Amino acid sequence: MKKIVAIVGSNADRSTNRQLLEYMQQRYKGEAEIDLMEVDGLPIFQKTRGMVIPDQAKEMAAKIDAAAGVIIATPEWDHSIPAILSSALAWLSYGIHPLMDKPVMITGASFGNLGTSRAQAQLRQILDSPEIEARIMPSSEFLLGHSLNAFDQNGDLLDESQNERLDALFEDFMTFTDVTGKLKHTYADDERRKNEMHVDYGVEGTERQAEH
Amino acid sequence: MKLVGIAGSIGEQSYNRDLLKFIAKKYAGLAEIELVDISDLPVFNPDKDQSESPEVQRVYQKIASAQGVILATPEHNHTVPAAMKNMIEWLSYNLHPFEGKPVWIVGASYHSQGSARAQLHLKQILESPGINAVVMPGDEFLLSNAKEAFDAEGNLKDARTIGFLEKLLHKFLKYVKVIDLFDAPDTMTADDEDLEAKGKVNTTIEGVDMNDDEWVEKAAVRVHAVDGSTYVKLDRGILTVDQLNYFLNTMPVELTYADDNNQFIYYNKNTPTAKMLAPRRPGQAGDPLSSVHPDRAVKHVKQVIHALRTGDSDLVAMPVPGNGPDKHIMHYYKGMHDENGRYRGVNEWVVDIMPIIKYYLDSTGQKLVVDENKRPTSPIIGLDAVTGASSHGSSASAAPQADASTGASESDATPAAPAVEQAPVADEGGIEIGDLLNSGNNTATEGIQPKEVTETPKAAPKPSTPAAAKPEVDASTGASES
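Residues numbered from 1 in each chain as written. Chains lettered and ligands numbered in written order. Predicted model: local features only at pLDDT ≥ 70, side-chain atom pairs only at ≥ 80, totals over all residues. Heavy atoms only, no water.

## Structural notes on the overall build of chain B
Put simply, the rule is: Numbering of helices and strands runs from the N terminus, with a helix taken as a DSSP run of H or I at least four residues long and a strand as a DSSP run of E at least two residues long. Exposure is judged per residue with a 1.4 Å probe applied to protein chains only, and the accessible area is read against the type maximum: over 50% gives exposed, under 20% gives buried, and values in between give partly exposed. Whether two residues are in contact is decided by their heavy atoms, any of which lying within 4.5 Å being enough.
A tally of helices and strands in chain B yields 16 helices and 13 strands. Counting over 482 residues, chain B shows a buried share of 49%. When contacts within chain B are restricted to residue pairs at least 6 apart in sequence, those whose partners lie at least 24 apart make up 68%.

Here is the structure:
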């Protein structure tokens, strides 16, 4: 069975994004082994001369490396993704590149109407940057608005049309993880680039990746 | 102009910080730009509110008290650095210092993009409802190849880049002024004056009940107000807060500051309430103007404020009647404006002018005589425009209106009874503001005119001839006279 890492984009104790991922974990347990991953506890990203990466980020990187794909559930704070999720993505592209060529599905839940549409748009741009370069599943927005009232007492998503949409997207995502494995040409090139970036960072160029 | 500059990168080395340092140094003559470090802010977490922590408060205070903010952002993974976003999250949760604040975004990057995408993200972020900053639109300052851009002294090397930067800074300084006017309450008519101060201007201290008797103490904590021996730089001089208090508290007038949000925020506490000409209680500081005026005065307070706010009048002056021949209490209202011409509140002073008149008469050997030929005029100065607009009556009808605006409940408290006994014109001695409001005719106005003050130069020795002995003594004080 495919291993999928699901990143909870919020560090809040009570997060409807975590709830959404837990729901997916249960609902799709026959198709994939979804492992939730928290960003809480990470420090705000900071460049250092020695390129020190927190242990938590290293553990996250190892799990992502071993996974067939990644799901990210992001809240929307100030029209964008939370600083803590942004930090996590920065640590995960600071001399290490676990997300490179990794299939990613983006979801998001918000209390209001819009269901994190703006945060997701920014997240796509971020995941597309040269040091992350994830394989984001195209044309696949899942926006869960009014998330406080979206789940029943068992944690199940109430809206049937949302369930259908989520099922379809997840099924496609499973296919997508297979398809991205066939994109061999850039794959090979990316392996080369990863190594290059490592060399480039060395001592002097530590900021290259960050302030690209 | 006071600006704050924040570099979004908290790395050990940052070209964005270098860029801000360069701007602050090179244009020190144009604006005072203070760099604020954000590297010690805790990680934002909505469940672990640290809005009151010293780290968050420090950044909050700096931004709140600045007229504008320059944000210099690098680009991390096509977006703003997490550190910049983290700062913004703290300042859009329980604290909102960016609300209505002019912001200029600049950015530097290693390569060709010059932080273009991060700047776009930052603009989107700053537009969100919890932040509501007013970001300067138009030209973008994108410093690419930052590594090669500075010389050994930290100055930008390229003259064209400097020229462009300077042009944008000038534009931003103008933008700050424009946005400042945008913040000003917009009252079309006197009726729009909100004496309950429900609105908010950029000096309003939020989070403290205006009617709280401890408003001064609580508001001071809120904004970390300085006190005691801390120096304050004024227009032309430097005083400690203590010195400022000595100075204001010994002014021979009672001073009151009502801001442009119609909030009564200061008076010079130079005498106990009972002894004041216009009594104020310490607990009243911070009150909205509606709380310190009786309902019947409201209409006229609004007229005076509106005349000062719109510039229809620069100074309104009016006597408080009914204090007898030994006291002639005047209330003066002066509109205050900032360097952009924006109205910033009322400077009110109350003074008894009788001691001055008495001194003058005594020292020059003159006396007051009633002028039988004097035509009745309004004792009120500065409300002609209002008269014309609000009623087509004579200036006499304006007078009572204005009188009421003195308003202030304190006028009512002015002891009127003794005046009745002593006043030569007894019929108006005990008159109340409320009565004046309804009278609005020439007789009443005439009545307010304190006849005993009317000068009659013909009977007295001419002031121009220093015949008496005393004026010589006076002359010695005047340096310019000899």
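## Notes on the environment of Leu-21 of chain A
Among the structural elements, Leu-21 of chain A can be located in helix H1 (residues 16–27). Setting aside chain neighbours within four positions, we find Leu-21 of chain A in contact with Ala-6, Ile-7, Val-8, Leu-36, Ile-71, Ala-73 and Thr-107 of chain A.

## With respect to the environment of Asn-11 of chain A
Put simply, the test is: Within 3.5 Å is the distance limit for a polar contact, defined as a pair of N or O atoms, with the added protein rule that one can donate a hydrogen and the other accept it, and that residues adjacent in sequence qualify only through two side-chain atoms.
Tracing the sequence through the fold places Asn-11 of chain A in the loop between strand S1 (2–8) and H1. For Asn-11 of chain A and Ser-139 of chain A, which are 128 residues apart along the polypeptide, the C-alpha to C-alpha distance reads 27 Å. Asn-11 of chain A has contacts with Asp-40, Trp-77 and Ile-84 of chain A together with Val-43, Phe-44, Asn-45 and Pro-46 of chain B, leaving out every residue within four places of it along the chain. From its side chain, Asn-11 of chain A meets the backbone oxygen of Phe-44 of chain B in a polar contact 2.7 Å long.

## Overview of the pairing of S1 of chain A
All names here are of chain A. We apply this condition: Should DSSP find at least two bridges between two strands, the strands are regarded as paired. The handedness of a crossover follows from its direction of travel: if, with the strands pointing away from the viewer, the path from the first strand over the helix to the second runs clockwise, the crossover is right-handed.
Counting buried positions along S1 gives 5 out of 7 residues, so the element sits mostly inside the fold. Bridge count between S1 and strand S2 (residues 32–38): 7 bridges; the pairing is parallel. Counterpart to Ile-7 in the pairing with S2 is Met-37. The handedness of the S1 to S2 crossover, carried by H1, is right-handed. Two strands pair when backbone bridges link them, and S1 and strand S3 (residues 69–74) are joined in this way by 5 bridges, in the parallel orientation. Residue Val-8 lies in a different strand from S3, and its bridge partner there is Ala-73.

## As for helix H4 (residues 116–126) of chain B
Taken together, the buried positions of H4 of chain B are Ala-116, Ala-118, Gln-119, His-121, Leu-122, Ile-125 and Leu-126 of chain B. Contacts from the buried residues of H4 of chain B go to helix H4 (117–127) of chain A together with strand S3 (68–72), helix H3 (82–90), strand S4 (102–108), strand S5 (134–135) and strand S6 (141–143) of chain B.

## Examining the interface of chain A and chain B
Quick reminder of the rule: Any Lys or Arg side-chain nitrogen found within 4 Å of a carboxyl oxygen on Asp or Glu counts as a salt bridge.
Counting from both sides, the interface comprises 42 residues of chain A and, opposite them, 40 residues of chain B. In this assembly, chain A and chain B are joined by 0 salt bridges. Counting the contacts that link chain A with chain B gives 17 residue pairs in polar contact (both at pLDDT 80 or more). Of all elements in the fold, only helix H3 (83–91) and H4 of chain A reach the threshold of two or more residues within the side of chain A that touches chain B. Top element by residues in the side of chain A that touches chain B is H3 of chain A. It accounts for 6 residues.

## Concerning the sheet that holds strand S11 (residues 315–320) of chain B
Residue and element names in this part refer to chain B. The cut-off we apply is this: For helices, the fitted line uses only the C-alpha atoms of the stretch in contact; every axis is such a line through C-alpha atoms, and the angle between N-to-C directions lies from 0 to 180 degrees.
Across the sheet, which stays open at both edges, the 5 strands sit in the order S10-S9-S13-S12-S11 with antiparallel pairing between neighbours. Looking at which strands have only one partner, the edges of the open sheet turn out to be strand S10 (264–267) and S11. Sheet twist, expressed as the average angle between the axes of neighbouring strands with direction ignored, equals 20°.

## Topic: unusual backbone geometry
Excluding glycine, a negative phi dihedral is what most residues carry, and trans is how most peptide bonds are arranged. Residues other than glycine seldom take positive phi values, yet Met-51 of chain A does so here, at roughly 50°. Position of Met-51 of chain A among the secondary structure elements: in the loop between S2 and helix H2 (55–66). On the basis of relative accessibility, which here comes to 17%, the residue Met-51 of chain A falls in the buried class. You will see that Asn-77 of chain B, though not glycine, has its phi angle at about 50°, which is positive.

## What to know about the packing of H1 of chain A against helix H5 (residues 160–180) of chain A
Residues and elements named next belong to chain A. For clarity, the cut-off: The cut-offs work like this: below 35 degrees is roughly parallel, past 145 is roughly antiparallel, 65 to 115 is roughly perpendicular, and the gaps in between are oblique. It is the rotation of the near helix from the far one that decides the hand of a crossing: anticlockwise by less than a right angle makes it left-handed, clockwise makes it right-handed. Classification used: nonpolar for Ala, Val, Leu, Ile, Met, Phe, Trp, Tyr, Cys and Pro, charged for Asp, Glu, Lys and Arg, polar for all others including Gly.
Taken N-terminus to C-terminus, the directions of H1 and H5 make an angle of 70°; their axes are 12 Å apart at the nearest point. Overall, the two elements H1 and H5 adopt an arrangement that is roughly perpendicular. Note that H1 runs across H5; the crossing there is right-handed. When H1 is examined against H5, the residues Leu-20, Tyr-23, Met-24 and Arg-27 are found in contact with a partner set consisting of Asn-163, Leu-166, Asp-167 and Phe-170. Among the residues forming the contact of H1 with H5, the class breakdown is 5 nonpolar, 1 polar and 2 charged.

## Some remarks on the packing of H4 of chain A against H4 of chain B
Where H4 of chain A meets H4 of chain B, the closest approach of the two axes is 12 Å, and the angle between their N-to-C directions is 165°. It follows from the interaxial angle that H4 of chain A and H4 of chain B lie roughly antiparallel. Once H4 of chain A is placed against H4 of chain B, the crossing between them reads as left-handed. Of the residues in H4 of chain B, those in contact with Arg-118, Gln-122, Gln-125 and Ile-126 of chain A of H4 of chain A are His-121, Gln-124 and Ile-125 of chain B.

## Quick notes on the pattern of salt bridges
Charged atoms that come close allow side chains of opposite charge to pair. With the rule as written, the count across this model stands at 23 salt bridges over all chains. Asp-55 of chain A is the salt-bridge partner of Lys-58 of chain A, the closest N and O atoms lying 4.0 Å from each other. Placement of both Lys-58 of chain A and Asp-55 of chain A in helix H2 is noted, with a separation of 3 residues, approximately one turn of the helix. Residue classification places Lys-58 of chain A among the partly exposed residues on the basis of a relative accessible area of 46%. For Asp-55 of chain A, a relative accessible area of 53% gives the class exposed. Lys-198 of chain B is paired through a salt bridge with Glu-196 of chain B; the nearest N and O atoms lie 3.6 Å apart. Classification of Glu-196 of chain B as partly exposed rests on a relative accessible area of 47%.

## So, the confidence of the model for chain A
Under the convention used in this document: For every residue, the pLDDT score states the predictor's confidence, bounded by 0 at the bottom and 100 at the top.
With 92% of its residues at a pLDDT of 70 or more, chain A shows a mean pLDDT of 90. Within the model, pLDDT remains below 50 along residues 199–212 of chain A, and this stretch shows 49 contacts once partners closer than five positions in the same chain are excluded.

## Re the UniProt feature "domain: NADPH-dependent FMN reductase-like" (unreviewed entry) in chain A
Applied cut-off: UniProt positions are given in the numbering used here, feature names are shortened, and annotations may be inferred rather than shown by experiment.
The feature "domain: NADPH-dependent FMN reductase-like" (unreviewed entry), as annotated in UniProt, sits at residues 3–146 of chain A in this numbering. Taken end to end, residues 3–146 of chain A is 31% helix and 22% strand, and its first and last C-alpha atoms sit 30 Å apart.

## A closer look at the side chain of Arg-344 of chain B
By secondary structure assignment, the location of Arg-344 of chain B is in strand S13 (residues 343–352). Residues contacting Arg-344 of chain B, with those up to four places away along its chain left out, are Asp-180, Val-201, Asn-202, Thr-203, Tyr-257, Ala-258, Asp-259, Asp-260, Met-336, His-337 and Asp-338 of chain B.

## Looking at the nonpolar core
Put simply, the test is: In these notes, a set of buried Ala, Val, Leu, Ile, Met, Phe, Trp, Tyr and Cys residues joined through side-chain atoms within 4.5 Å is what counts as a nonpolar core.
Judged by nonpolar contacts, the single largest core of 36 residues is most densely connected at Ile-63, Leu-71, Met-87, Leu-91, Phe-98, Val-103 and Leu-126 of chain B. If you tally residues by element for this core, the top one is H3 of chain B, at 6 residues. Those residues within four positions of Val-103 of chain B in sequence are excluded, and the remaining contacts are Val-69, Leu-71, Phe-98, Leu-126, Ala-133, Val-134, Val-135, Met-136 and Phe-172 of chain B. Counting 34 residues, the second largest nonpolar core, distinct from the first, contains Met-60, Val-70, Tyr-94 and Ile-132 of chain A.

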